[in-house]
Amino acid sequence: MAAQRLDGKALATTMRSEIAARVTERARAGKRAPGLAAVLVGEDPASQQYVKNKHKACQDAGLASTVHRLPASTTQAELLELVGRLNADPAVHGILVQLPLPKQIDDGAIIRAVSPNKDVDCFHPENVGLLMTGYPRFYPCTPHGVLQLLTRNGIALSGKEIVVLGRSNIVGKPVAVMLMQKATATNPAAGDATVTVAHTRTKNLADVCRRADVLIAAAGVPGVITPDMVKPGAAVVDVGTNNVDGRWLGDVHKDVESVAGWLSPVPGGVGPMTITMLLYNTLDAAKQIDG
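Residue positions are given per chain, counting from 1 as you read along its sequence in written order. Confidence filtering applies because this is a predicted model: local features only for residues at pLDDT of at least 70, side-chain atom pairs given and counted only at 80 or more, and all residues used for totals across whole chains, interfaces and linings. Remark: hydrogens and water are excluded; side-chain values derive from all non-hydrogen atoms of the structure.

**Brief notes about the overall build of the protein chain**
When its secondary structure is counted, the protein chain shows 9 helices and 11 strands. All radius of gyration figures rest on C-alpha atoms, and the globule criterion is 2.2 Å times the number of residues raised to 0.38. A compact globule built from 291 residues would reach a C-alpha radius of gyration of about 19 Å, and the protein chain, at 19 Å, matches this within 12%. Considering only C-alpha atoms, the protein chain reaches an extent of 50 × 45 × 35 Å along its principal axes. Only protein chains enter the accessibility calculation, which uses a 1.4 Å probe; a residue is then buried when its area is under 20% of its type maximum, exposed when over 50%, and partly exposed in between. A burial count over the protein chain gives 49% of its 291 residues as buried. By the criteria applied, helices consist of DSSP H or I runs no shorter than four residues and strands consist of E runs no shorter than two, each listed in order from the N terminus.

**Comments concerning the sheet that holds strand β3 (residues 64–70)**
Any two strands with at least two DSSP bridges between them are considered paired. The sheet built from 3 strands is open, its strands ordered β3-β2-β4 with parallel pairing. Here the strands that pair on one side only, and so sit at the sheet edges, are β3 and β4 (94–97). Within the sheet, the average angular offset between the axes of one strand and its neighbour, ignoring direction, is 15°. Relative to β4, strand β2 (residues 35–41) runs parallel, the two sharing 4 bridges. Bridging from a neighbouring strand, Leu 36 pairs with Gly 94 of β4. Sitting on the sheet, helix α2 (residues 45–61) is in contact with β2, β3 and β4, with an inclination near 170° to β2. Relative to β2, helix α3 (residues 76–88) is tilted by about 175°, and along the sheet it contacts β2, β3 and β4. Lines fitted to C-alpha atoms define the axes, with helix axes restricted to the stretch in contact, and inter-axis angles between N-to-C directions lie between 0 and 180 degrees. Residue contacts are counted whenever heavy atoms from the two residues lie within 4.5 Å of one another.

**Quick look at the pairing of strand β7 (residues 214–217)**
Of the two faces of β7, the one holding Val 214 and Ile 216 and the one holding Leu 215 and Ala 217 are both buried throughout. Relative to β7, strand β5 (residues 161–165) is paired through 4 bridges, and the arrangement is parallel. The partner of Ile 162 across the bridge, within β7, is Val 214. Across 4 bridges, β7 lies against strand β8 (residues 235–238) in parallel orientation. The residue of β8 that forms the bridge with Val 214 is Ala 235.

**Describing the packing of aromatic side chains**
Any pair of Phe, Tyr and Trp rings, taking the six-membered ring for Trp, is counted once the centres come within 6.5 Å. Such a pair is stacked with planes under 30 degrees apart, edge-to-face with planes over 60 apart, and tilted for the rest. Summed over all chains, the structure comprises 0 aromatic pairs. The residue whose ring lies beneath Arg 22 is Tyr 280, and the NZ or CZ to ring-centre distance is 5.9 Å. Ring-over charges, as used throughout, are those where CZ of Arg or NZ of Lys falls within 6 Å of the ring centre and within 35 degrees of the ring normal.

**Concerning the environment of Tyr 280**
The residue Tyr 280 is located in helix α9 (residues 270–290) in this model. As for Tyr 280 and Asn 127, which are separated by 153 residues in sequence, their C-alpha atoms are 16 Å apart. Those residues in contact with Tyr 280 that lie beyond four places of it in its chain are Ile 19, Arg 22 and His 144.

**Let's talk about the nonpolar core**
The tendency in soluble globular proteins is for nonpolar side chains to be buried as a group. Ranked by internal contacts, the top residues of the largest apolar core, which has 54 residues, are Leu 150, Leu 179 and Ile 216. With 8 residues, α9 is the single largest residue contributor to this core. Residues in contact with Leu 150, not counting those within four places in the same chain, are Leu 6, Ile 155, Leu 157, Val 214, Ala 235 and Val 237. Residues belong to a common nonpolar core when they are buried Ala, Val, Leu, Ile, Met, Phe, Trp, Tyr or Cys residues joined through side-chain atoms within 4.5 Å.

**Details of the side chain of Asp 251**
Here Asp 251 is to be found in the loop between β10 (247–249) and β11 (262–263). Although buried, Asp 251 forms no salt bridge, and the nearest oppositely charged side chain, Arg 167, lies 12 Å from it. Of note is the side chain of Asp 251, whose polar atom sits 2.7 Å from the backbone nitrogen of Ala 219. Not counting the four nearest positions on each side in its chain, Asp 251 is found in contact with Ala 217, Ala 218, Ala 219, Gly 220, Val 221, Pro 222, Gly 223, Val 224, Ile 225, Asp 238, Gly 240 and Asn 242. Working convention for charge: Lys and Arg count positive, Asp and Glu count negative, and His plus the chain ends are omitted. Whenever a carboxyl oxygen of Asp or Glu lies within 4 Å of a side-chain nitrogen of Lys or Arg, that contact is scored as a salt bridge. Here a polar contact is recorded for every N or O atom pair within 3.5 Å, except that within protein the pair must consist of a potential hydrogen donor and a potential acceptor, and residues adjacent in sequence are included only if both atoms are side-chain atoms.

**Observations concerning the sheet that holds β11**
Ordered by their spatial adjacency, 6 strands build an open sheet running β1-β11-β8-β7-β5-β6, and the pairing between neighbours is parallel. Single-partner strands in this sheet number two, and they are β1 (4–5) and β6 (194–198). Packed on one face of the sheet, helix α7 (residues 172–180) meets β5, β6 and β7 and runs near 170° to β5.

**What about unusual backbone geometry?**
That bond from Leu 99 to Pro 100 is cis: its omega, 5°, falls within 30 degrees of zero. Cis rather than trans, the peptide bond between Val 266 and Pro 267 has omega equal to -5°. Along the chain, Pro 267 turns up in the loop between β11 and α9. Located in the positive-phi region is Asn 204, a residue other than glycine, with phi close to 50°. Along the chain, the position of Asn 204 falls in the loop between β6 and α8 (205–210).

**Focus on the pairing of β2**
Most of β2 is tucked away: 7 of the 7 residues are buried. The alternating pattern of β2 places Gly 35, Ala 37, Val 39 and Val 41 and Leu 36, Ala 38 and Leu 40 on opposite faces, both of which are buried. One ladder, built from 7 bridges, connects β2 with β3; its direction is parallel. Considered in β3, the bridge of Val 39 is made with His 68. This β-α-β element, β2 to α2 to β3, shows right-handed connectivity. Throughout, right-handed denotes a crossover for which the path from the first strand over the helix to the second runs clockwise when the strands point away from the viewer.

Now the structure itself:
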């Protein structure tokens, strides 16, 4: 039997309607619309499309959205100056600097320059520390999208064995932290699961992955998860977005569909959820800043 589909596109539509309703409530209370400022340096086609999708999603949900486009020759000092202006702008509640940046700019310096209160990507070290200790100001967008995709489809996480394949700062590490923590009033999205973090150098990787009730593939390697690595009936979330000859492929081989109980597609799975959680964080930032 084919795996049930973890449809991120459909869930994103539902959640964006919820966000739009909350934005409307704020407007009725006389509060300004949550504002997201996206900064795009250079002309990378994938980054341009991603920022375009974010801008449209903001507009559809009633958020104020601005895009600052800078040439690839922009210096670090020039970018820092723009970030400083956005930090001081009361109409901007969230700042997103699209990565990767040109080689003359230190990504880390820019990440640290964004105000933690407006860091809706949850990349700033202060926000990472708050997440690690169980007092998150924001949840990272892709990991939070993964958890929403699972829990809103009725997939239990508490007490389950979960394997995360990948250890990046953007997905692997934060999703593992969120999944292992105990849910509290200050940390409601925590998974309360038993978590193993693996990667492509893990010995006996197939055996490790086969233990998982929930397998999250975020290695950035096309088709690295094959059917023999999946426990029958497991929920499999494919975070991979690999461009191969103009086609977007995930980290999960297509034949896994015949083994898994649940499977997220690529595209149409985690991607739409990532943008949705960015809107969620921008709305939350507006609440924290403006009340």
